[in-house]
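Here's the letter readout for the chains.
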Amino acid sequence: MASENEMEEAQEELGEMFELPEEETEIEDTEDGGAIVRLEDGEDGPYGESEFYENLALKLAEEQLDQISDELTGQIAKDKEARSKRDEQYEEGIRRTGLGDDAPGGAAFQGASRVVHPLLTEVCVDFSARAIKEIFPAGGPAKDYIFGTPSPDKVAKAQRKTRFLNWQLTQQMPEFRAELEQLLTQVPLGGAQYMKLSWDANKKRPVPLFIGIDDVYLPFAATNFYSAERKTHVQYITEIEYQMRVRSGMYRDVDLPMASMEPDFSKAEKANEKIEGKSSSAYNEDGLRTVFEIYVISDIEEEYGLAPYIVSIDKNTGKVLSIYRNWKEDDETLEEMQWIIEFPFVPWRGAYPIGIIHMIGGLSAAATGALRALLDSAHIANFPGMLKLKGGREGGQSERIDPTEVKEIEGGAFTDDIRKVAMPLPFNQPSETLFRLLGFLVEAGKGVVRTTLDEMSDTNANMPVGTQLARIEQGMMVFSAIHARLHDAMGRTLKVLHRINEMYLEQDEVTDEAGEVLVLRKDFEGPVDVVPVSDPNIFSEAQRFAQVQALAQRAIALPQIYDLRKVEERILNQLRVPNAKELLVPAPEPKELNAVNENVAAALGRPVSAFPAQDHLAHLQVHLDFLTSPVLGSSMLISGSFIPLILNHIKEHIVLWYANHVYETASNAAQSDISQLQKINDVRVKRGFDQLLAAASQRVVSDSAQAFQSIPEIVQQAMQVMQQMQQQMGGGPADPKAEAQMAETQRKAAADQANMQVKQAELQLEQARAQQAAQESQQRQALNMQREMLKQDRLDQRQVRELEVKMVTNREDNETAKQIASMEVLSGEKIGVSTGTGINP
């Protein structure tokens, strides 16, 4: 068992783990002699109203403001000119929808068809309808997502923020959905559109604004919207809106002349005015003025150097209305805060994504041309023109005849056949080839960005679910990628809204109309634990239904590893069945009852459960008394349903009594609550804790023999009664519920046995793999050792042979040296001969 010192150390570590941080407190005395203690939890007001975020234009000199205006307006003019072709492409896309009755192309004769094929409009409407359903469902677009290890506080905080953001986007900002839908219809045409979120000081809430791509200027060198060094939002605001911004302090009070002429709208905006049925007037009654809101990296302040700012400039006068720092006050990296979110269609090389007009604009124009040609040929064939002879002199004439026109020509004075006077012009009937070409163009256009699955209606009902899912994914592959980009854009939107609430929420508690607390201001401090409710991998109901069908098939095939009730709830939820849970049989929930009521419930076949805090010995006494009574628990009438349930219930009381007594015995020995010791992540404490439980278990097991000495005999008698009843009933259980319970018990036992066999097989396989790996390692080591020994042996042999050669060479050199020396002695002369490198040269 753990020593007292180890237990004391564990208690000290436990105290350090749960020690609360010190907080500054404010104490206020009350009239009744008590006190109110308030904890300091941050700033008094929203930090978005800090002096750091004030309008710098109020402090800078007018000369510096004019210099900033001249520099930025010049850059904006170049940005607009660099992207002018993009505006024309967007304008052409809007015109080619035919909604403004000015689609280009077609014949020029009177009565020629002006119909437009709805290919572009169909793509835009279908795309918007499908996208809005996924990223903005009726309940709201946000769901909670817990970072790290979930805890009750984290979960509650994330759920509050999710509930608040959904309420904010659906109730507090009722215009958000309308702005989002307007944006989504234009995404395919423009290639990208933008959503801006900002804080409105007058409304005391965030406000959304859809920005068309034609009102966003990016520099020529920009390759990405979010990394662009300068982003210009062209705003058209009324005189009233301008005055409200001045009164709220957003703009400085500059004496600007009343705008009399309408602003110079983009070509795309003018094309859209024809669809809306608007016509420009010479006089600007609403006082619309153009304001450039520039998100720019500039060196306006020397102390920060190059930093992100938001600069607003009136176009007509060039006056700077506001300059704001665009980074968090405590951010040393000066990272730019995003307020505008891009919703792209298909990214391309460059800052602007491409749209449907870039991808199938030519096909749409060709389809419109083919359709108009078919209608024109049918019209002409039904109303042909003709040539008519005119009385007078004979002679030829050269005349141009328009379709459906009747025109006189000069002819002979006397003609006895009407067919010699007038001749119908031979116009061709509508061409079958042209009709087939129209169908090909439409299919080719729809195949580029498919938003609907028309062919799914012809699908065989017996098609495998996997095949059906593959067809759905393959058929809408391009749209699935676009949907994933919209999901990411919605995630950025929620992050911006989260930051706006963090900066500007004024109330410590935000409540709804019913007075219920939705969120706390401090909840927005920390990570953004809210994500879009949409799934980037699922983009259609057909895909969801196919997945649910696959889930149902797997649950039927393997019922032992699935919770069939949860599977059914998932299916009903996906089918959008209202109040689906009311249709299912209520799931049994354990309720705490006294011992007598437990006997009554078990006798009636209702499930009963034991709870840790009950007096288990007292409950066991009441159950055993009822069980051993021949007129109650052991009677033929009650025992069939009572005995199986009460035996399992007695087992629960016994094991809970054992667990409680081990806990109490160990806590008394440790003189502390051992449940707290389990939270200490220390090896010594864990070992001491295990030893403490082992000792406590030995004592409790010895005590259980006396506490439960009468139970085995009673249980055996109850089992005999059950066997006798089964024999009298033909070997089957006396009660269907008992039969079901026994079948469930057998199924669980079989499943446990199967799982055990699987685990044993896996363990044997792992052992075999480990043994094989060990053998291979030993073989490799042996081979390496043999290789090293052979290498060393060869090295030794080579050294021995080299030594022998040296010895022989030395010996011969010595002999030669002796002979030369003898000859020199005899001759008395020095001989110029070398003997090599012997030992004694």
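Here is what the cut-offs are and how they apply
Residues numbered from 1 in each chain as written. Predicted model: local features only at pLDDT ≥ 70, side-chain atom pairs only at ≥ 80, totals over all residues. Heavy atoms only, no water. Helix = DSSP H or I, 4+ residues; strand = E, 2+ residues; numbered from the N terminus. Buried < 20%, exposed > 50% of the residue type's maximum accessible area, 1.4 Å probe, protein only. Contact = heavy atoms within 4.5 Å. Polar contact = N/O pair within 3.5 Å; in protein donor to acceptor, adjacent residues only side chain to side chain. Patch = residues over 30% accessible without salt bridge, like charges linked within 9 Å, V, L, I, M, F, W, Y side chains within 5 Å. Areas by Shrake-Rupley, 256 points an atom, 1.4 Å probe, with all protein chains shown as cover. Salt bridge = Lys/Arg side-chain N within 4 Å of Asp/Glu carboxyl O. Pairing = 2+ DSSP bridges. Axes fitted to C-alpha atoms, helices over the stretch in contact; angles between N-to-C directions. 1 Å grid on protein atoms, 1.4 Å probe; cavity = no way out; pocket = protein on both sides within 12 Å on 5 of 7 lines; lining within 4 Å. Points joined across faces, edges and corners; volume = space filled by probe spheres on them. Nonpolar A, V, L, I, M, F, W, Y, C, P; charged D, E, K, R; others polar. Phe/Tyr/Trp six-rings, centres within 6.5 Å; stacked < 30°, edge-to-face > 60°. Lys NZ or Arg CZ within 6 Å of the ring centre and 35° of its normal.

Student: So what about the overall build of the protein? Which residues, and what values?
Tutor: Counting secondary structure elements, the protein contains 21 helices and 17 strands. Per-residue burial over the protein gives 38% buried out of 841 residues. Put simply, of all contacts in the protein between residues at least 6 apart along the chain, 67% involve residues at least 24 apart.

Student: Summarise helix 15 (residues 595–603); cite the residues concerned and give the values.
Tutor: Those residues of helix 15 not exposed but buried are Ala595, Glu598, Asn599, Ala601, Ala602 and Ala603. Looking at the buried positions of helix 15, the neighbouring elements they touch are helix 16 (616–628) and helix 17 (639–670). Two or three places before Val596, at the opening of helix 15, Asn594 has a side-chain oxygen 3.2 Å from that residue's backbone nitrogen. Of the residues trailing helix 15, Gly605 is marked for its positive phi of about 80°.

Student: A description of a nonpolar patch on the surface should follow, citing residues and the corresponding values.
Tutor: There is a patch of nonpolar side chains on the surface, built from Val596, Val600 and Leu604 and spanning about 270 Å² of accessible area. One can find Leu604 in the loop between helix 15 and helix 16.

Student: Please set out the sheet that holds strand 4 (residues 192–200) residue by residue, giving values where relevant.
Tutor: Spatial ordering of the open sheet is given by 5-4-11, a layout of 3 strands whose pairing is antiparallel. Only two strands of the sheet have a single neighbouring strand rather than two, namely strand 5 (205–211) and strand 11 (340–344). Within the sheet, the average angular offset between the axes of one strand and its neighbour, ignoring direction, is 20°. Of the strand pairs in this sheet, strand 4 and strand 11 are connected by 5 bridges, and their pairing is antiparallel. Counted as the bridge partner of Lys196 is Ile340 from strand 11. Along the sheet, helix 6 (residues 175–190) contacts strand 4, strand 5 and strand 11; its crossing angle with strand 4, the most-contacted strand, is approximately 155°.

Student: Could you give an account of empty space enclosed by the protein, with specific residues and numbers?
Tutor: Counting across every chain of the model gives 2 cavities of 30 Å³ or more. Computed from the structure, the second largest cavity encloses a volume of approximately 30 Å³. The dominant element in the lining of the second largest cavity, judged by the number of residues it contributes, is helix 9 (residues 356–382), at 3 residues. Taken together, the residues of the lining of the second largest cavity sort by class into 4 nonpolar, 2 polar and 1 charged.

Student: Could you give me a rundown of the pairing of strand 4, with the residues and numbers involved?
Tutor: Among the 9 residues of strand 4, 8 are classified as buried, and the element is accordingly described as predominantly covered. Following strand 4, the chain reverses through 4 residues before pairing antiparallel with strand 5; Lys204 in that reversal takes a positive phi of roughly 60°.

Student: Quick rundown of the packing of aromatic side chains? Include the residues and the values.
Tutor: Think of a pair of aromatic rings as described by two things: how far the centres are apart, and how the planes are tilted against each other in angle. Counted by the stated rule, this structure contains 16 aromatic pairs. Measuring from ring centre to ring centre gives 5.2 Å for Tyr145 and Phe147, while their planes differ by 90°; the resulting arrangement is edge-to-face. Relative accessible area serves as the criterion here: at 46%, Tyr145 is assigned to the partly exposed category. The exposure class of Phe147 is partly exposed, given its relative accessible area of 41%. Ring plane angle 70° and centroid distance 5.0 Å describe the contact between Tyr304 and Trp327, whose orientation is recorded as edge-to-face. Note that Tyr304 is positioned in the loop between strand 8 (289–298) and strand 9 (307–314) and Trp327 in the loop between strand 10 (320–325) and strand 11, a separation of 23 residues in sequence. Residue classification places Tyr304 among the partly exposed residues on the basis of a relative accessible area of 27%. One aromatic cluster is present, built from ring pairs that chain together Phe52, Tyr53, Tyr304, Tyr309 and Trp327. Against the face of Tyr226 rests Arg492, its NZ or CZ located 4.2 Å from the ring centre.

Student: Summarise the pattern of salt bridges; cite the residues concerned and give the values.
Tutor: Counted under the stated rule, the structure contains 27 salt bridges. One salt bridge connects Glu506 with Lys204, and the closest N-O pair in it is separated by 3.7 Å. One end of the pair, Glu506, is in the loop between helix 12 (477–504) and strand 15 (509–511); the other, Lys204, is in the loop between strand 4 and strand 5, with 302 residues separating them in the sequence. Glu506 gets classed as partly exposed once you look at its relative accessible area, which sits at 34%. Connected through shared salt-bridge partners, Glu62, Arg252 and Lys319 make up one network.

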